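# Inside the fold
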Amino acid sequence: MTGSSLLWVLVLFTAGLVCIIKGGDFFVDAAAWMAEASGIPKFIIGCTVVSFATTLPEMLVSVFAALEGNADIAVGNAVGSVTANTGLIMCLSLVCMECHMTRKQFGVKAGLLLAAVVLLFEKQIIKYRHRSFVPDFTRLNKFTIKHKKAFALLFLLLLAPAYLIQKNIDMYYSMDKALPSYLTSMEGLTKLKDDFGMACTQFVIIDDSLPADKLIEMENKLEALDGVTSLLAYNSIVGAAIPDTIIPDDIMSLCKQDGKQLMMINSEYGAATDELTAQLVKMDAIVKSYDPDAYITGEGAITQGLIDTTDVDFAVTAVLSIAAIFVLIAICFKSPSLPVILVLSIELAIWINLSITVIMGTEASFVDPTVVNCVQLGATVDYAILLTTRFREELRHLPRDEAMLKAVSAAQQSIFQSAGVFFAATFGVYLVCDIYIVRGMCALLARGAIISEIVIIVLLSPVLCVCESFIAKTTPSWRLKT
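Reading the values: rules and limits
- Residues numbered from 1 in each chain as written.
- Predicted model: local features only at pLDDT ≥ 70, side-chain atom pairs only at ≥ 80, totals over all residues.
- Heavy atoms only, no water.
- Helix = DSSP H or I, 4+ residues; strand = E, 2+ residues; numbered from the N terminus.
- Buried < 20%, exposed > 50% of the residue type's maximum accessible area, 1.4 Å probe, protein only.
- Contact = heavy atoms within 4.5 Å.
- Areas by Shrake-Rupley, 256 points an atom, 1.4 Å probe, with all protein chains shown as cover.
- Salt bridge = Lys/Arg side-chain N within 4 Å of Asp/Glu carboxyl O.
- 1 Å grid on protein atoms, 1.4 Å probe; cavity = no way out; pocket = protein on both sides within 12 Å on 5 of 7 lines; lining within 4 Å.
- Points joined across faces, edges and corners; volume = space filled by probe spheres on them.
- Nonpolar A, V, L, I, M, F, W, Y, C, P; charged D, E, K, R; others polar.
- Core = buried A, V, L, I, M, F, W, Y, C linked by side-chain atoms within 4.5 Å.
- Expected span 1.5 Å × (residues − 1).
- Bend = angle between axes of the 7 residues up to and from the residue.
- Axes fitted to C-alpha atoms, helices over the stretch in contact; angles between N-to-C directions.
- Parallel < 35°, antiparallel > 145°, perpendicular 65-115°, else oblique.
- Left-handed = near helix turned anticlockwise from the far one by under 90°.
- Phe/Tyr/Trp six-rings, centres within 6.5 Å; stacked < 30°, edge-to-face > 60°.
- Lys NZ or Arg CZ within 6 Å of the ring centre and 35° of its normal.
- Pairing = 2+ DSSP bridges.

## Overview of the overall build of the protein
- Check the secondary structure of the protein and you find 18 helices and 7 strands.
- Here the protein, with 482 residues, has 31% of them falling under the buried criterion.
- The contacts in the protein between residues at least 6 apart in sequence include a share of 75% that link residues at least 24 apart.
- Of the roughly 29,000 Å² of accessible surface on the protein, a fraction of 68% belongs to carbon and sulfur atoms.

Below, the structure written as structure tokens:
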């Protein structure tokens, strides 16, 4: 082919490509108009008119290629067009349009896709396998089993102090501690506190029918409270001598509506502090003495309600979680003794994790203990059940100490991998996230993964060895021979 012929082909190819692109735009607009004008759903138009029109050029190319003896081009065009339409076009459409997919749908498809990819590259995965990077804990396992009574005693000695220390964890409820200080909103809040003494603002909604002298008396008492920096009310601005009839409605509506009057109280105490809690109690007593149906709201009051609610709810949640795990273990092993031992080991790992926060003197958000209790409990119970199940299986043909040594050696690799993945995922978020509430939660979870692994491997295994005779007496099928 000469240079001029090649140039002419390129020109024709470019012109044809431009015509196809613009023709596609015109065709899609015309198809959408047909659907709107006829009332036929766009999906039906797409499956019939659009589908036939887009397939016709490919069919003609394949037919002419086959007639000229170019069967490879005919087949390649057919396969390529179908692949492009189902893969490339569908992906581009999903990228450019909003796609609603539930978590369940995504999870199923992602699982199937992952399994298919693993099967597809099975040979390559096996070919390039490397040695395990999991450390060898054989010497540590032998040491703990050899000194099992000492480690079992250490387990018991750690329970009480870990529980008592974690009870003193310092929690914060205010969102200003959960967000980074460089945010403009946080900088403005700092200015309010430092320059204007307005750390927290409360709103009092009272009956508008109260006499003016009673309102003034109540306002004076509220202003006299420790920590109150300012009070803003309708009569303190307008004055009792000016009748409401001469005040414009738009101004009146800012302070009075539906028989209620609004006043604003600024406090120098921050939300969720002991000082503000005491101030709110006194404020509520003063307001209710004049109007029993009055309301106190605002950041401090709402935060105090959050504290009161979460203290109860989180305690109930923790008890229910432990009870559920206890029942689950009792059913799995048909034993009344194993649930006590396993639940204590799980709780010890959680208590140690929270105790470290107390010892380090750091604050935790109000959701951290509950999240740690649920997530770390869920992970640790898997480790505990895995080790206990393997120990029971090895006991059927090995002596107690040898059975535990083999069980912990076999289970620790799965435990190490699971804890390592858990640690990497949470610690990675801790490193990159600027939101303090998320950083603190991820730091607790990452540390909890390591602590749970250590407690189960180092402390639970000797405890199970020491208590094995008692477990056998309370668990009918514990030493059942195969």
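Now that the structure has been shown, we can carry on.
## Focus: the pattern of salt bridges
- Following the criterion strictly, the structure yields 6 salt bridges and no others.
- Between Glu-217 and Lys-221 there is a salt bridge, and its shortest N-O distance comes to 3.8 Å. Separated by 4 residues within a single helix, Glu-217 and Lys-221 lie in helix α9 (residues 212-223), roughly one turn from each other.
- With a shortest N-O distance of 3.6 Å, Asp-401 and Arg-400 are connected by a salt bridge.
- Relative accessible area serves as the criterion here: at 29%, Asp-401 is assigned to the partly exposed category.
- What makes Arg-400 partly exposed here is its relative accessible area of 31%.
- It is possible to trace a salt-bridge network through shared partners that takes in Lys-148, Arg-400 and Asp-401.

## Brief notes about the layout of surface pockets
- Each pocket or cavity is described by its volume, and for the second largest pocket that value is around 530 Å³.
- For the second largest pocket, the lining is made up of 22 residues, of which Gln-166, Lys-167, Ala-318, Pro-369 and Asn-373 are closest to its centre.
- By residue number, the principal contributor to the lining of the second largest pocket is helix α13 (residues 299-333), which donates 8 residues.
- Residue classes in the lining of the second largest pocket are distributed as 14 nonpolar, 5 polar and 3 charged.

## Focus: the environment of Ser-409
- Note on placement: Ser-409 falls in helix α16 (residues 400-432).
- As a C-alpha pair, Ser-409 and Leu-387 span 22 residues in sequence and 9.5 Å in three-dimensional space.

## Concerning the nonpolar core
- If you look at the biggest cluster of nonpolar residues, it comprises 54 residues, and the most contacted ones within it are Ile-329, Leu-387, Phe-391, Met-404, Leu-460 and Leu-464.
- Among the secondary structure elements, those contributing two or more residues to this core are α7 (148-166), α13, α14 (338-360), α15 (368-395), α16 and α17 (436-466).
- By residue number, the principal contributor to this core is α17, which donates 13 residues.
- In this structure, Leu-387 is in contact with Met-404, Ala-407, Val-408, Ala-411, Ile-456, Leu-460, Ser-461 and Leu-464, ignoring residues within four places of it in sequence.
- In this structure, Val-228, Leu-231, Ala-233 and Tyr-290 belong to the second largest nonpolar core, which totals 17 residues.

## Comments concerning empty space enclosed by the protein
- Inspection of the entire model under this criterion finds 1 cavity of 30 Å³ or more.
- The calculated volume of the largest cavity comes to roughly 30 Å³.
- A per-element tally of the lining of the largest cavity places α14 first, with 3 residues.
- Along the lines of polarity and charge, the residues of the lining of the largest cavity split into 5 nonpolar, no polar and 1 charged.

## Some words on α17
- In a regular helix each residue adds 1.5 Å, so 31 residues correspond to 45 Å; α17 covers 43 Å between its end C-alpha atoms and thus fits that length.
- In the structure, α17 departs most strongly from a straight axis at Leu-460, where the bend amounts to approximately 35° and where the proline Pro-462 lies between one and four residues downstream.

## A closer look at the packing of α15 against α16
- Look at α15 against α16: their axes get within 8 Å of each other, and the N-to-C directions meet at 155°. With respect to α16, the element α15 is oriented roughly antiparallel. Pair α15 / α16 crosses with right-handed handedness.
- For the contact of α15 with α16, the residue count by class is 16 nonpolar, 2 polar and 4 charged.

## A closer look at the packing of aromatic side chains
- Scanning all chains against the criterion turns up 6 aromatic pairs.
- Measuring from ring centre to ring centre gives 5.3 Å for Tyr-173 and Phe-366, while their planes differ by 15°; the resulting arrangement is stacked. Of the two residues, Tyr-173 sits in the loop between β1 (171-172) and α8 (184-196) while Phe-366 sits in the loop between β7 (364-365) and α15, which places them 193 residues apart along the sequence. Each member of the pair, Tyr-173 as well as Phe-366, carries the same accessibility label: buried.
- Between Phe-391 and Trp-478 the ring centres are 5.9 Å apart and the planes differ by 65°, which places this aromatic pair in the edge-to-face class. Of this pair, Phe-391 sits in helix α15 while Trp-478 sits in the segment after α18 (468-474), placing them 87 residues apart in sequence.
- Given the relative accessible area of 0%, Phe-391 is considered buried.
- Members of the aromatic cluster, each reached through a chain of ring pairs, are Phe-423, Phe-427 and Tyr-430.
- Here Arg-439 stacks its cationic end above the ring of Tyr-430, 4.5 Å away from the centre of that ring.

## A short note on the pairing of strand β5 (residues 260-267)
- Inspection of the sheet shows strand β2 (residues 200-207) paired to β5 by 8 bridges, in the antiparallel sense. Bridge pairing in β5 places Gln-202 opposite Ile-265.
- Note that strand β3 (residues 228-232) and β5 share 4 bridges and pair antiparallel. Bridge pairing links Ser-230 to Asn-266 in β5.
- Bridge count between strand β4 (residues 256-257) and β5: 2 bridges; the pairing is antiparallel. Residue pairing in the sheet places Gln-257 in a bridge with Lys-260 of β5.

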